[in-house]
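Remarks on the overall topology
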Amino acid sequence: MEEPIVIGKDKFRISEDETARRELRVMKVHDDVIQIQEEVHGIIALVGASSSVNIKKDELRNLIKVVKEQFGWTDICE
């Protein structure tokens, strides 16, 4: 399997003493399937039954660029 491509990263303050780091990555799983991974470090994670990824506008632009250029998905956003 290929290494994930970073499409966004940032830091945000969660308390007076702690700053969390966030990294958003994408990787190709199959010819027509990609996986978005969001890693957040510095906070306690709760386990739940669902999962979501927050994506910023510039990260979405980067995602579209990566899937077109790196993964060959030329029919995205035509």
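Refer to the preceding data block for the structure.
A quick note: this is a predicted structure, and the numbers were derived from the prediction, not measured. (Residues numbered from 1 in each chain as written. Predicted model: local features only at pLDDT ≥ 70, side-chain atom pairs only at ≥ 80, totals over all residues. Heavy atoms only, no water.)

**Some remarks on the side chain of Arg 22**
Using the following cut-off: A run of DSSP states H or I qualifies as a helix once it reaches four residues; a run of E qualifies as a strand once it reaches two. Both are numbered from the N-terminal end. Any pair of nitrogen or oxygen atoms within 3.5 Å is treated as a polar contact; in protein, a donor-acceptor pairing is required on top of that, and neighbouring residues in sequence qualify only through side-chain atoms on both sides. We call two residues contacting when some pair of their heavy atoms lies within 4.5 Å.
Considering the arrangement of structural elements, one finds Arg 22 in strand E2 (residues 19–30). Within polar-contact distance, the side chain of Arg 22 engages the side chain of Glu 38 at 2.6 Å. A polar atom in the side chain of Arg 22 sits 2.8 Å from the side chain of Glu 59. The contacts of Arg 22, once residues within four sequence positions are left out, are Gly 8, Lys 9, Asp 10, Phe 12, Glu 38, Glu 39, Val 40, Asn 54, Ile 55, Lys 56 and Glu 59.

**Re the side chain of Gln 37**
In plain terms, the rule: Think of it in three bands: with a 1.4 Å probe and only protein chains considered, a residue is buried below 20% of the maximum accessible area for its type, exposed above 50%, and partly exposed in between.
Residue position: Gln 37 is located in strand E3 (residues 33–41). With relative accessibility at 17%, the residue Gln 37 sits in the buried group. Among the polar contacts listed, one links the side chain of Gln 37 to the side chain of Gln 35, at a separation of 2.8 Å. In this structure Gln 37 touches Pro 4, Glu 23, Leu 24, Arg 25 and Met 27, once residues within four positions along its chain are discounted.

**What about the nonpolar core?**
Quick note on the threshold: Among buried residues, those of type Ala, Val, Leu, Ile, Met, Phe, Trp, Tyr and Cys that are joined through side-chain atoms within 4.5 Å constitute a nonpolar core.
Core analysis: the largest hydrophobic core is formed by eight residues, namely Ile 7, Leu 24, Val 26, Leu 63, Val 66, Val 67, Phe 71 and Trp 73. If you tally residues by element for this core, the top one is helix H1 (residues 57–69), at three residues. Ignoring anything within four residues of it in the chain, the contact list for Val 67 reads Ile 34, Gly 72, Trp 73 and Ile 76.

**A closer look at H1**
So the rule is basically this: The length a helix should cover is 1.5 Å for every residue beyond the first. For this quantity, the arc is that covered by the directions from the helix axis to the C-beta atoms.
Compared with the 18 Å implied by 1.5 Å per residue over 13 residues, the 18 Å span of H1 between its first and last C-alpha is a close match. The complete set of buried residues in H1 reads Glu 59, Leu 63, Val 66 and Val 67. Considered in projection along H1, the buried side chains sweep an arc of 90° and stay on one side of the axis. Exposed side chains of H1 directed beyond 90 degrees from the buried face belong to Lys 57, Arg 61 and Glu 69. In this fold, the buried residues of H1 make contact with strand E1 (5–13), E2 and E3.

**Brief notes about the pairing of E3**
Stated formally: Pairing between strands is defined by DSSP: at least two bridges between them are needed.
Relative to E3, E2 runs antiparallel, the two sharing nine bridges. Paired with Met 27 across the strands is Gln 35, a residue of E3. Counted between consecutive antiparallel strands, the loop separating E2 from E3 contains two residues.

In short, the description is geometric, and any link to function would need to be established separately.
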